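Inside the fold
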Amino acid sequence: MRKKLEGNGLWESSRMMLPEHKETIIRRQLEEGREARPTLDPQEMELIEKALAESFHEHRTVTVRMFVEYEERELTGIVVLIHTFRREIKLSISEGEWNWIKVDDITSASTF
């Protein structure tokens, strides 16, 4: 019992972590891995929009590279619907499988 009370023993033996502290530590670790959103110039945005429109009108396959918080994602498919007001596209990946993608999240697009 005497050793617990010597030096910093009392605090060392009763150390614990509150849930709020644990959440803060996890949040900071996630923020360290987060990448900054790339800024696109108007010419690059024009090329992306041209590739998307080409895929929509001519039913050509397009490869879209998107910005996601912690990584860059790439999808390939055909644009089947464009919502200009919401700035979203519906990308058909395979038969019956599709994704809604925000145009502002796209970093590059190319048709082939």
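Quantities reported herein were computed from a predicted structural model and do not represent experimental measurements.

Let's shift gears to helix 4 (residues 42-58). End to end, helix 4 covers 24 Å across 17 residues, agreeing with the expected 24 Å (1.5 Å per residue, within 8%). Within the sequence span of helix 4, burial applies to Met45, Ile48, Ala51, Leu52, Glu54 and Ser55. Tucked inside the fold, the buried residues of helix 4 contact strand 1 (62-68), strand 2 (71-83), strand 3 (88-94) and strand 5 (106-111). Of the residues one or two after helix 4, histidine 59 is the one with positive phi, at around 55°.

With seven bridges connecting them, strand 1 and strand 2 associate as antiparallel partners. Considered in strand 2, the bridge of threonine 63 is made with threonine 76. Bridge count between strand 2 and strand 3: five bridges; the pairing is antiparallel. Residue histidine 83 lies in a different strand from strand 3, and its bridge partner there is glutamate 88. Hairpin connection of strand 2 to strand 3: four residues between the antiparallel strands, including arginine 87 at a positive phi of 55°.

Below, the discussion takes up the nonpolar core. Ranked by internal contacts, the top residues of the largest apolar core, which has 15 residues, are Leu52, Val62, Ile89, Ile101 and Ile106. Elements that contribute at least two residues to this core include exactly helix 4, strand 1, strand 2, strand 3 and strand 5. In terms of residue count, helix 4 provides more of this core than any other element does, four residues in total. In this view, isoleucine 101 contacts Met66, Leu75, Arg87, Glu88, Ile89, Leu91 and Ile106; residues no more than four positions away in its chain are not counted.

What counts, and at which threshold
Residues take numbers from 1 onward in each chain, read along the sequence in its written order. Only residues with pLDDT of at least 70 get local features here, since the model is predicted, and only at 80 or more are side-chain atom pairs given and counted; chain-wide, interface and lining totals rely on the full set of residues. The side-chain numbers reported here are obtained from all heavy atoms of the structure, hydrogens and water having been left aside. Elements are defined by DSSP. Helices are runs of H or I of four residues or more, strands are runs of E of two residues or more, and each kind is numbered from the N terminus. To estimate how far a helix should reach, multiply one less than its number of residues by 1.5 Å. To sort residues, take the accessible area from a 1.4 Å probe on protein chains only and compare it with the maximum for the residue type: under 20% means buried, over 50% means exposed, and anything in between is partly exposed. The contact criterion used throughout is that any non-hydrogen atoms of two residues lie within 4.5 Å. Should DSSP find at least two bridges between two strands, the strands are taken to pair. The set of buried Ala, Val, Leu, Ile, Met, Phe, Trp, Tyr and Cys residues whose side-chain atoms join them within 4.5 Å is what this entry labels a nonpolar core.

Keep in mind these values describe shape, not function.
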